[in-house]
Amino acid sequence: MFLRGTCGKYKSYLCAMNKRVRVRFAPSPTGGLHLGGVRTVLFNYLFAKKHGGDFILRIEDTDQSRFVPGAEDYIVQTLNWCGMIPDESPVVGGPFAPYRQSERKESYKQYATTLINAGHAYYAFDTPTELEEMRNHFKTSENPSPQYNHAIRAKMRNSLSLDAAEVAALLSANTPYVVRIKMPDHEEVTFTDMIRGEVSFNTSQVDDKVLLKADGMPTYHLAVVVDDYLMKISHAFRGEEWLPSAPVHVLLWKYLGWQNEMPEWAHLPLILKPDGHGKLSKRDGDRLGFPVFAMDWTDPKTNEKAIGFKERGFLPEAFVNLLVVLGWNDGTDQEIFSMAELIEKFSIDRVHKGGAKFDYEKAKWFNAEWIKNADNAYLAGLVQPYFDAAGIVVNDPAYLQKIIGITKERCILLPDFITQAGFYFSAPTQIDTASIAPKWDENKKNFFEALCMAFENSNSNDPLELENIFKALTATHGLKAGELMLPMRIMLVGGKFGPGVFEIAATIGISDTVARIKHALTLL
RNA sequence: GGAGCGUUCGUCUAACGGUUAGGACCUCAGGUUUUCAUCCUGGUAAUACGGGUUCGAUUCCCGUACGCUCUACCA
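Residues numbered from 1 in each chain as written. Chains lettered and ligands numbered in written order. Predicted model: local features only at pLDDT ≥ 70, side-chain atom pairs only at ≥ 80, totals over all residues. Heavy atoms only, no water.

## Some points on the domain arrangement of chain A
Line of reasoning, step 1. Entries for chain A in the domain assignment read domain 1 (100-225), domain 2 (272-373), domain 3 (375-414) and domain 4 (427-523).
Line of reasoning, step 2. If you average the C-alpha positions of domain 3 and of domain 4, the two centres end up 25 Å apart.
Line of reasoning, step 3. Opposite the six residues of domain 3 that make contact, domain 4 presents four residues.
Line of reasoning, step 4. Of the roughly 340 Å² buried between domain 3 and domain 4 on both sides combined, carbon and sulfur atoms contribute 61%.
Line of reasoning, step 5. Three residues, Tyr399, Ile406 and Arg410, lead the burial of domain 3 against domain 4; their summed loss comes to 76% of the area buried on that side.
Line of reasoning, step 6. Here domain 3 and domain 4 share zero salt bridges between them.
Line of reasoning, step 7. Applying the counting criterion to the domain 3 and domain 4 interface returns one residue pair in polar contact (both at pLDDT 80 or more).
Line of reasoning, step 8. Tallied by class, residues from the side of domain 3 that touches domain 4 come to three nonpolar, one polar and two charged. (Domains from an automatic or database assignment. Contact = heavy atoms within 4.5 Å. Buried area = accessible area lost by both parts, 1.4 Å probe. Salt bridge = Lys/Arg side-chain N within 4 Å of Asp/Glu carboxyl O. Polar contact = N/O pair within 3.5 Å; in protein donor to acceptor, adjacent residues only side chain to side chain. Nonpolar A, V, L, I, M, F, W, Y, C, P; charged D, E, K, R; others polar.)

## Observations regarding the pairing of strand β3 (residues 121-124)
Line of reasoning, step 1. Of the two faces of β3, the one carrying Ala121 and Tyr123 and the one carrying Tyr122 and Ala124 are both buried.
Line of reasoning, step 2. The pairing of β3 with strand β4 (residues 178-181) spans four bridges and is classified as antiparallel. Note on β4: the bridge partner recorded for Ala121 is Ile181. (Buried < 20%, exposed > 50% of the residue type's maximum accessible area, 1.4 Å probe, protein only. Helix = DSSP H or I, 4+ residues; strand = E, 2+ residues; numbered from the N terminus. Pairing = 2+ DSSP bridges.)

## A short note on the packing of aromatic side chains
Line of reasoning, step 1. Under the counting rule described, the total for this entry stands at 30 aromatic pairs.
Line of reasoning, step 2. The interplanar angle of 50° and the centroid separation of 5.2 Å between the aromatic rings of Phe290 and Phe358 together place this pair among those described as tilted. Highlighted residues: Phe290 in the loop between α8 (282-288) and β11 (297-298) and Phe358 in the loop between β13 (356-357) and α12 (360-373), separated in sequence by 68 residues.
Line of reasoning, step 3. For Phe290, a relative accessible area of 5% gives the class buried.
Line of reasoning, step 4. The interplanar angle of 75° and the centroid separation of 5.3 Å between the aromatic rings of Tyr399 and Phe425 together place this pair among those described as edge-to-face. Of this pair, Tyr399 sits in helix α14 (residues 397-407) while Phe425 sits in the loop between α15 (416-421) and α16 (442-458), placing them 26 residues apart in sequence.
Line of reasoning, step 5. Members of the aromatic cluster, each reached through a chain of ring pairs, are Trp81, Phe290, Phe309, Phe314, Phe319, Phe358 and Tyr360. (Phe/Tyr/Trp six-rings, centres within 6.5 Å; stacked < 30°, edge-to-face > 60°.)

## Considering the nonpolar core
Generally speaking, nonpolar side chains in soluble globular proteins are found buried as a group.
Line of reasoning, step 1. One finds Leu42, Phe43, Phe237, Phe319, Ile348 and Phe358 to be the most contacted residues of the largest nonpolar core, which totals 60 residues.
Line of reasoning, step 2. A per-element tally of this core places helix α1 (residues 35-50) first, with nine residues.
Line of reasoning, step 3. Apart from the residues lying within four places of it in its own chain, the contact partners of Phe319 are Leu35, Val38, Trp81, Cys82, Ala294 and Phe309.
Line of reasoning, step 4. Counting residues in hydrophobic clusters, the runner-up holds 54 residues, among them Ile371, Cys411, Val493 and Ile517. (Core = buried A, V, L, I, M, F, W, Y, C linked by side-chain atoms within 4.5 Å.)

## Quick look at the environment of Ile469
Line of reasoning, step 1. Relative to the helices and strands, Ile469 is located in helix α17 (residues 463-476).
Line of reasoning, step 2. Ile469 sits in the buried class, given a relative accessible area of 19%.
Line of reasoning, step 3. For the pair formed by Ile469 and Ser458, sequence separation is 11 residues and the distance between their alpha carbons is 8.6 Å.
Line of reasoning, step 4. If sequence neighbours within four positions are ignored, Ile469 has contacts with Ala454, Phe455 and Ser458.

## Side note on unusual backbone geometry
Line of reasoning, step 1. The omega torsion of the bond from Ala97 to Pro98 falls at 0°, within 30 degrees of zero and hence cis.
Line of reasoning, step 2. Tracing the sequence through the fold places Pro98 in the loop between α2 (71-82) and α3 (105-117).
Line of reasoning, step 3. Its identity is not glycine, yet Asn174 carries a phi of approximately 60°, on the positive side.
Line of reasoning, step 4. The topology assignment puts Asn174 in the loop between α5 (164-172) and β4.
Line of reasoning, step 5. On the basis of relative accessible area, Asn174 is assigned to the exposed category, the value being 67%.
Line of reasoning, step 6. Of note, Lys232 is a non-glycine position whose phi angle comes to about 55°, a positive value.

## Structural notes on the sheet that holds strand β7 (residues 210-212)
Line of reasoning, step 1. Taken together, three strands build an open sheet; the order of strands is β3-β4-β7 and the sheet is antiparallel. Sheet topology places β3 and β7 at the edges, where each strand pairs with a single neighbour. Put simply, the sheet's adjacent strands are angled 45° from each other on average, direction ignored.
Line of reasoning, step 2. Relative to β7, β4 is paired through two bridges, and the arrangement is antiparallel. Note on β7: the bridge partner recorded for Val179 is Leu212. (Axes fitted to C-alpha atoms, helices over the stretch in contact; angles between N-to-C directions.)

## Topic: the packing of helix α18 (residues 482-493) against helix α19 (residues 501-508)
Line of reasoning, step 1. Between α18 and α19, whose axes approach to 10 Å, the crossing angle comes to 35°. Judged by the twist between their axes, the crossing of α18 over α19 is left-handed. Contacts from Met485, Met488, Arg489, Leu492 and Val493 of α18 reach α19 at Val501, Phe502, Ile504, Ala505 and Ile508.
Line of reasoning, step 2. Within the contact of α18 with α19, the residues separate by chemical class into nine nonpolar, no polar and one charged. (Left-handed = near helix turned anticlockwise from the far one by under 90°.)

## Some words on the pattern of salt bridges
Line of reasoning, step 1. A complete count under the given rule lists 32 salt bridges for this structure.
Line of reasoning, step 2. Ionic pairing is found between Arg20 and Asp54, a salt bridge with its closest N-O pair at 2.8 Å. Taken as a pair, Arg20 in the segment before β1 (22-25) and Asp54 in strand β2 (residues 54-57) lie far apart in primary sequence, 34 residues in all.
Line of reasoning, step 3. On the basis of relative accessibility, which here comes to 11%, the residue Asp54 falls in the buried class.
Line of reasoning, step 4. Each of Arg20, Arg22, Asp54 and Glu88 takes part in a single network of salt bridges with overlapping partners.

## Thoughts on the pairing of strand β9 (residues 264-268)
Line of reasoning, step 1. Buried residues dominate β9, accounting for four of its five residues.
Line of reasoning, step 2. With five bridges connecting them, strand β8 (residues 235-239) and β9 associate as parallel partners. The residue of β9 that forms the bridge with His235 is Glu264.
Line of reasoning, step 3. Handedness of the crossover joining β8 and β9 through helix α7 (residues 246-255): right-handed. (Right-handed = clockwise from strand over helix to strand, strands pointing away.)

## A few points about helix α13 (residues 376-390)
Line of reasoning, step 1. Here α13 is 15 residues long and its end C-alpha atoms lie 20 Å apart, about the 21 Å a rise of 1.5 Å per residue gives.
Line of reasoning, step 2. By the largest-angle criterion, Val383 marks the main kink of α13, which is about 35°, and a proline, Pro385, follows within four residues.
Line of reasoning, step 3. Looking at α13, one finds that the buried residues are Leu379, Ala380, Val383, Tyr386 and Phe387.
Line of reasoning, step 4. Those residues of α13 that are buried are in contact with α9 (309-312), α12, α14 and α15.
Line of reasoning, step 5. Between a side-chain oxygen at the N-terminus of α13 and the backbone nitrogen of Ala377 the separation is 3.2 Å; the capping residue is Asp375.
Line of reasoning, step 6. Immediately beyond the C-terminal end of α13, within one or two residues, lies Gly391, with a positive phi of roughly 75°. (Expected span 1.5 Å × (residues − 1). Bend = angle between axes of the 7 residues up to and from the residue.)

Here you go:
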């Protein structure tokens, strides 16, 4: 295996390398960022920070027809929420600005021209209709998707099939054209992927990809190579779906004379649907009832809203944590990692090759773990918006933190605090009397009336003392504590949940406790 | 169809030729908690298949099967 040998067992890939680590996340701003995208960012970020390098955000907006307003800002906000702040980006700028490819449009054409002059690319004048005709014409059951390749290009209208005068005439008449790469007929293109080892392709299987579109914009293929070179990217991480077009990129690096500067490639495994097979999509979330996007995203065209992990009540720490273990582990049994730990422990050679099915149950477990171990003051800040939305009024921040501390082990998602902690701030509006009524009688009613008086007389806020009063009174009424505690709990919190009843009574205070019992008594 | 990539419990994964194939989620059975949750103990459950190489393969090689990705003037 290429990872072993002279570099040692799990020695970093870096040992063979001496240039500064610079990585980029290069999304297309076409919508919300989903799990797979955020994980790609995460691996980029961790790798950069682990090696003291730079993390760059570059917006690949070369397809004007797919431009979606707000998508770029959404991406920035998402990175921000996750705590992965780019060192260079369209918002903070940097030494290689601009970081939007649409703003770099003019710089790509010269490289296309260089390639044409060197015989590695050519002009193609085929219209979309002609391309469609070609595909229909050559389509067979054996070959359902004919490619514009070395075998077909001679039959098409391009600067390889047409004679020079004709080409010159077409160009001077401003005929729309694209520039295509001229793939070699039969050549083995091999490169080393950091995750997969040696990968090779025969160029006969790769088509003549469009490099420069008719509108003058580069396609991804040209833009990614040019910008990675110009921005001195040392390591390029992307999803596995890019693997088949990697030979195009490798050849471009070579043809442009930048072979020695080519980044190390790492094609990341995909995040798959929980059920069945295939890449996880937004639709799966809708269908199975869990978020796929990092944050809420509303499509400005369709007004379709997709829920995000953030709004569903995930902590960013948990989100990062659940993402990183989808395809990576540190070799031990540890599963909970902070960002700081990840930066220290991350290594690309422990990233899996195979795709991982997303498991929402486990995702929730990560969040519950993070909530349980989170600082109360920190949680208070996160819970506050949910309380605001639910109309729960918090007057005393210290009280809120205390309540969070005693209820957080019961919460899986942030909104769970509304039910698990809301009753500390106001009397429950819904009281599960149905769970009391069947065994309710006059004697119990008398008990609770007596209890209210006893509590008021004691005016205690000590749980133990309240419990003693309660128990002493059960005896005088000929009742057992066990058959009265559940009714009392329901009177105080509304249902069968929450911490110890006397803890609750002491915390909300005697007057509230008595008021809630008296109110419940009117409902029974 | 073609090319590439992949394949350990239901799911995420450990195991770098020698382990009773380990952990976690889920689930099940107990215990703690006069509620719920937490917590604790334990159980069920996996190397896709077939050939090699080797004293010995989850591990290395080949083949098969299955899956995924790509096969746009989208990324």
